[in-house]
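These are the residues of each chain, in order.
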Amino acid sequence: MGNIVQQDLLQQLEQLRQEAEAALTQANSTEATRTWHSEYLGRKGRLTGILRNLGSLPGEERPLVGKVANEVKTELENALQERQTAIAQAELEAARSAENIDVTLPGRPQTLGKLHPTTVTLREIYAIFTAMGFQIFNSPEVETDEYNFQLLNMPPGHPARDMWDTFYTDSPDLLLRTHTSPGQIHAMLAYAPEPVRVILPGKVYRYEQVTARSESMFYQVEGIAVGRNITFSDLKGVLTNFANQMYGEGRQMRFRKSYFPFTEPSVEVDIDCVLCGGKGCPICKYTGWLEILGAGMVHPVVLLHGGYDPVEFSGFAFGMGPERIALLKYGIDDIRYFYSNDVRFLERVG
Ligand SMILES: [Zn+2]
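Along every chain, residues carry numbers that run from 1 in the direction the sequence is written. Per-residue local features are limited, in this predicted model, to residues with pLDDT of at least 70; the limit for side-chain atom pairs, both in listing and counting, is 80 or more; totals at the level of whole chains, interfaces and linings are taken over all residues. Think of the side-chain values as coming from all heavy atoms in the structure, minus any hydrogens and water.

Even after reading the chapter, I still don't get the pattern of salt bridges, so can you show me in this structure?
Where charged atoms from two side chains of opposite charge approach closely, those side chains can pair. By convention in these notes, a salt bridge is any Lys or Arg side-chain nitrogen within 4 Å of a carboxyl oxygen on Asp or Glu. Enumeration according to the criterion identifies 15 salt bridges in this entry. The partner of glutamate 14 in a salt bridge is arginine 17, and the shortest N-O contact between them spans 2.8 Å. In this pair, glutamate 14 and arginine 17 both sit in helix 1 (residues 2–26), three residues apart, roughly one turn of the helix. Residue class for glutamate 14 comes out partly exposed when judged on its relative accessible area of 32%. Here the salt bridges do not stand alone but share partners, grouping Glu14, Arg17, Glu21 and Glu75 into one network. Strands here mean DSSP runs of E at least two residues long; helices mean DSSP runs of H or I at least four residues long; both are numbered from the N terminus. Only protein chains enter the accessibility calculation, which uses a 1.4 Å probe; a residue whose area is less than 20% of its type maximum is buried, one above 50% is exposed, and one in between is partly exposed.

So what exactly am I meant to see when it comes to the side chain of asparagine 153 here?
Mapping asparagine 153 onto the fold places it in the loop between helix 6 (145–148) and strand 3 (174–176). Taking relative accessible area as the criterion, asparagine 153 reaches 18% and is therefore assigned buried. Polar contacts involving the side chain of asparagine 153 include one to the side chain of histidine 299, which spans 3.4 Å. Contact between two residues is taken to exist if any of their heavy atoms lie within 4.5 Å; hydrogens are not considered. Apart from the residues lying within four places of it in its own chain, the contact partners of asparagine 153 are His158, Pro261, His299, Val301 and Val302. Under the rule applied, a polar contact is a pair of N or O atoms within 3.5 Å (in protein, one hydrogen donor and one hydrogen acceptor; residues adjacent in sequence only if both atoms are side-chain atoms).

Looking at this structure, I do not really get the environment of proline 265. What am I missing?
By the secondary structure assignment, proline 265 is in strand 7 (residues 263–272). Residues proline 265 and arginine 83, 182 residues apart in the sequence, show an inter-C-alpha distance of 97 Å. What proline 265 contacts, discounting residues up to four positions off in sequence, is Phe232, Ala295, Gly296 and Met297.

See below:
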């Protein structure tokens, strides 16, 4: 009787081994191997179930069944480990091919940044004027009423103040400069009575409706030269040299009389249209001329405010808009593009 039971248990173990091995080959994921483990080798698994009957065997028969059971267990555990390694490897391979990395592909090119058209234009202006001996002089963007208007020959109530719509601050008399001209006073006071020859670049602010032709913030480059015997001819020479370098040799120039409170006489300077060569086109409004800057001889009152004796000293000054220069150069039709922070604009120009 005992032998039959022993034989029975050994047979069950052999059957368990075969079934378990077959089932393991069907387990295709880490999850499936865990299920397999609890079914065959777990605490409530089939091997434990068979061994529960060990107690009903006579004492001398138990060691053999126990030995075989251990062999089956070790064999199945080794098979499980092998299977798990294979599955992990397969899962890794699958993940790799899903990522589809081709290490032989060339790298993607980096997108290089570009300088803003205003910066490019400013640097060209600096290069031209510094070659003529002008230094770059920085002056504040927040100014007093005195520097922005009064010292430039515009006392309170002067009608010329209407030419500039101004951003005022909460502090009395403090405002955002409407032009770079206050820099003329700062520069003259810094150098007087020595001669001065500087350009004054920077941002200016106007309390104006923003349109295709006007922004509330834009750049100006002012220039001033003061010394003994400086004449209108010097002004014409400097500006002609500038126009030839900025817009190409052989430019025609035209000086039209104009009015600024801080220069006398005052002029506006045109060049022949860079697009049509003077024949007439939409950009020059069919006049053949493009206005590029305003200029004049420094007003005696302004010279006095800058610390120079107008009997002994004279000077000229001029001012231009770098955005306007860039507009013409790059054929841009709307000044709002400059500061709307749209990178497509930078990709298109320059
Ligand atoms: Zn034209």
